[in-house]
Amino acid sequence: MEKIKVLFISFYYPPDFCAGSFRAESVFNALKDDNRISKFYVYTTFPHRYGKISDIKNRKQCFKSNILKVKIPQHNGRFIYQILSFLIFAIKIIFVSFKNKNSFDKIFITSSRFGTAMLGYFLSIFLNKPLAVDIRDIFSDSLKSLGSEKSIIINFFSKVIKKIELIILEHAKWKNFVSPGFLDYYPDINSKKENINLFTNGIDEIFIKNKLSHVSSVKTYSKSVRVVYAGNIGYGQGLEKIIIPLAISMNKEINFLIIGDGSSKHEIVNKIKKFNLTNIKILKPLNRNELISYYNSADCLFLHLNDIPAFKRVIPSKIFEYATFEKPVLA
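The rules behind these values
- Residues numbered from 1 in each chain as written.
- Predicted model: local features only at pLDDT ≥ 70, side-chain atom pairs only at ≥ 80, totals over all residues.
- Heavy atoms only, no water.
- Helix = DSSP H or I, 4+ residues; strand = E, 2+ residues; numbered from the N terminus.
- Buried < 20%, exposed > 50% of the residue type's maximum accessible area, 1.4 Å probe, protein only.
- Contact = heavy atoms within 4.5 Å.
- Phe/Tyr/Trp six-rings, centres within 6.5 Å; stacked < 30°, edge-to-face > 60°.
- Lys NZ or Arg CZ within 6 Å of the ring centre and 35° of its normal.
- Core = buried A, V, L, I, M, F, W, Y, C linked by side-chain atoms within 4.5 Å.
- Patch = residues over 30% accessible without salt bridge, like charges linked within 9 Å, V, L, I, M, F, W, Y side chains within 5 Å.
- Areas by Shrake-Rupley, 256 points an atom, 1.4 Å probe, with all protein chains shown as cover.
- Salt bridge = Lys/Arg side-chain N within 4 Å of Asp/Glu carboxyl O.
- Pairing = 2+ DSSP bridges.
- Axes fitted to C-alpha atoms, helices over the stretch in contact; angles between N-to-C directions.
- Parallel < 35°, antiparallel > 145°, perpendicular 65-115°, else oblique.
- Left-handed = near helix turned anticlockwise from the far one by under 90°.
- Nonpolar A, V, L, I, M, F, W, Y, C, P; charged D, E, K, R; others polar.
- Right-handed = clockwise from strand over helix to strand, strands pointing away.

1. A short note on the side chain of N279
And then number 1: Along the chain, the position of N279 falls in the loop between α10 (265-274) and β11 (280-283).
And then number 2: Take N279: its relative accessible area is 3%, and that puts it in the buried class.
And then number 3: Residues contacting N279, with those up to four places away along its chain left out, are A247, M250, N251, I254, N255 and F256.

2. A short note on the environment of K101
And then number 1: By the element assignment, K101 lies in the loop between α2 (79-99) and β5 (106-111).
And then number 2: Residue class for K101 comes out partly exposed when judged on its relative accessible area of 39%.
And then number 3: Beyond its immediate stretch of four places on either side in the chain, K101 contacts L127 and K129.

3. What to know about the packing of aromatic side chains
Aromatic ring pairs: the centre-centre distance and the angle between the two ring planes describe each pair.
And then number 1: The tally for this structure, following the rule as stated, stands at 22 aromatic pairs.
And then number 2: Here the aromatic rings of Y13 and F28 are separated by 6.2 Å at their centres, their planes lie at 80°, and the arrangement is edge-to-face. A residue pair is termed long-range when its members are at least 10 positions apart, and Y13 in the loop between β1 (4-9) and α1 (19-31) and F28 in helix α1 qualify at 15 residues.
And then number 3: Residue classification places Y13 among the buried positions, given a relative accessible area of 6%.
And then number 4: Geometry around F46 places K71 over its ring, the cationic atom sitting 5.5 Å from the centre.
And then number 5: The ring of F104 carries K129 above its face, with NZ or CZ at 5.3 Å from the centroid.

4. Digging into the nonpolar core
And then number 1: Counting residues in hydrophobic clusters, the biggest one holds 41 residues, and the most contacted among them are I9 and F89.
And then number 2: A per-element tally of this core places helix α3 (residues 114-127) first, with six residues.
And then number 3: Once you skip the residues sitting within four places of it in the chain, F89 turns out to touch I9, S10, F11, Y43, T44, T45, V70, I72 and L119.
And then number 4: Counting residues in hydrophobic clusters, the runner-up holds 31 residues, among them A230, I280, Y295 and Y322.

5. Some thoughts on a nonpolar patch on the surface
And then number 1: On the surface, I80, Y81, I83, L84 and L87 cluster together to form a nonpolar patch covering roughly 480 Å² of accessible area.
And then number 2: By secondary structure assignment, the location of I83 is in helix α2.

6. A closer look at the pairing of strand β7 (residues 174-177)
And then number 1: Bridging between strand β6 (residues 131-135) and β7 involves four bridges; their strand directions are parallel. Paired with I135 across the two strands is F177, which belongs to β7.
And then number 2: Where β7 and strand β8 (residues 196-197) come together, two bridges link them in parallel fashion. Paired with K175 across the strands is I196, a residue of β8.

7. Description of the packing of helix α9 (residues 239-249) against α10
And then number 1: Put simply, α9 and α10 touch, their axes get as near as 10 Å, and they point 20° apart. As summarised for this structure, α9 and α10 are arranged roughly parallel, according to the angle between their axes. Here the hand of the crossing between α9 and α10 comes out right-handed. Note on element contacts: α10 touches α9 through E267, I268, K271 and I272, opposite L239, E240 and I244.
And then number 2: Of the residues assigned to the contact of α9 with α10, the class counts are four nonpolar, no polar and three charged.

8. With respect to the side chain of Q237
And then number 1: Mapped onto the fold, Q237 is located in the loop between β9 (225-232) and α9.
And then number 2: Those residues in contact with Q237, other than ones at most four positions away along the chain, are Y229, N232, H304, L305 and N306.

9. Re the pattern of salt bridges
And then number 1: What the rule picks out here adds up to six salt bridges.
And then number 2: The shortest N-O distance in the salt bridge between R288 and E25 comes to 3.8 Å. Here R288, found in helix α11 (residues 288-297), pairs with E25, found in helix α1; they are 263 residues apart in sequence, far enough to count as distant.
And then number 3: E25 gets classed as partly exposed once you look at its relative accessible area, which sits at 28%.

10. Comments concerning the pairing of β1
And then number 1: With respect to burial, β1 is a largely interior element, five of its six residues being buried.
And then number 2: The sheet contact formed by β1 and strand β2 (residues 37-45) spans six bridges and is parallel. Its bridge partner being in β2, L7 is matched across the sheet by Y41.
And then number 3: Taking the sense of rotation as the criterion, the β-α-β connection linking β1, α1 and β2 turns out right-handed.
And then number 4: Pairing between β1 and β5: four bridges, direction parallel. Residue pairing across strands places V6 opposite K106, the latter belonging to β5.

11. Considerations on the packing of α3 against helix α5 (residues 152-171)
And then number 1: Contact pair α3 / α5: the axes reach a minimum separation of 10 Å and the direction vectors enclose 45°. With respect to each other, α3 and α5 are oriented oblique. Judged by the twist between their axes, the crossing of α3 over α5 is left-handed. On the side of α3, the interface is formed by F114, A117, M118, Y121, S124 and I125, while α5 contributes I161, I164, E165, I167, I168 and H171.
And then number 2: Considered class by class, the residues forming the contact of α3 with α5 number nine nonpolar, two polar and one charged.

Here's what the structure looks like:
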């Protein structure tokens, strides 16, 4: 059996803690057990999703893998800075990939963004290497959801990007979608049934171990209910639309603990000050070992998505975490 060497590209990777990082780690851990693969070259970034993490080396060697992390500017969830950060990432990855083009045989990308998929496609074409893609999100669909149906500019760019996405998918020798809902969005790809897989999100081992070691107790509510949310605080979640009104109308019955960061955090902070709310507390993002203790101490876990058509195709990965804690979920 011929052994192959794989270039694995992800914009997020541990110890960054976000959905993209956790997905990349899960995919990588599954692939590294494949006996057909002799070596991995992982190209990713220094932790940047929720700020810098100290004591991280730019190179790391472990079982069958050589991990390279490149530095990019912090974007703090701001759209323009995200584009700038990715462009710097792409330029650096293109340079090092061309330099080491003889070190790998195939290219694998995991992408929730259009850019990473485009980067993998570019490298595949110019280096003449087969491409495999793991698609966690559909950028053209999300972009279309940002504007109204009458937004000519957004609709135009959405259609252009969708055509490019189709070109990338048709070029890929192997493709995976994180949700079966994506298949309806690409009927031409789906009708061909060529090398299409559906490996969805699941429950990570760290939560399964917690489930086995921790027995939840039923609480008799004597005062306020402690509701915990952990994750991104952005446009997609729309937390400011629901948490603020709930906190105002139930200020003695409910206490919110929000753990995370994102582009909409300032809206919640401003409204907390405006309405002088004392029943909402916000903590910076935590790694999952720390996060588990907050989940276990909660009375109720909270989940919310903005009313965006693109979200009708997916199930939030957060629900898989919540499901292991035997807690009520307010969704």
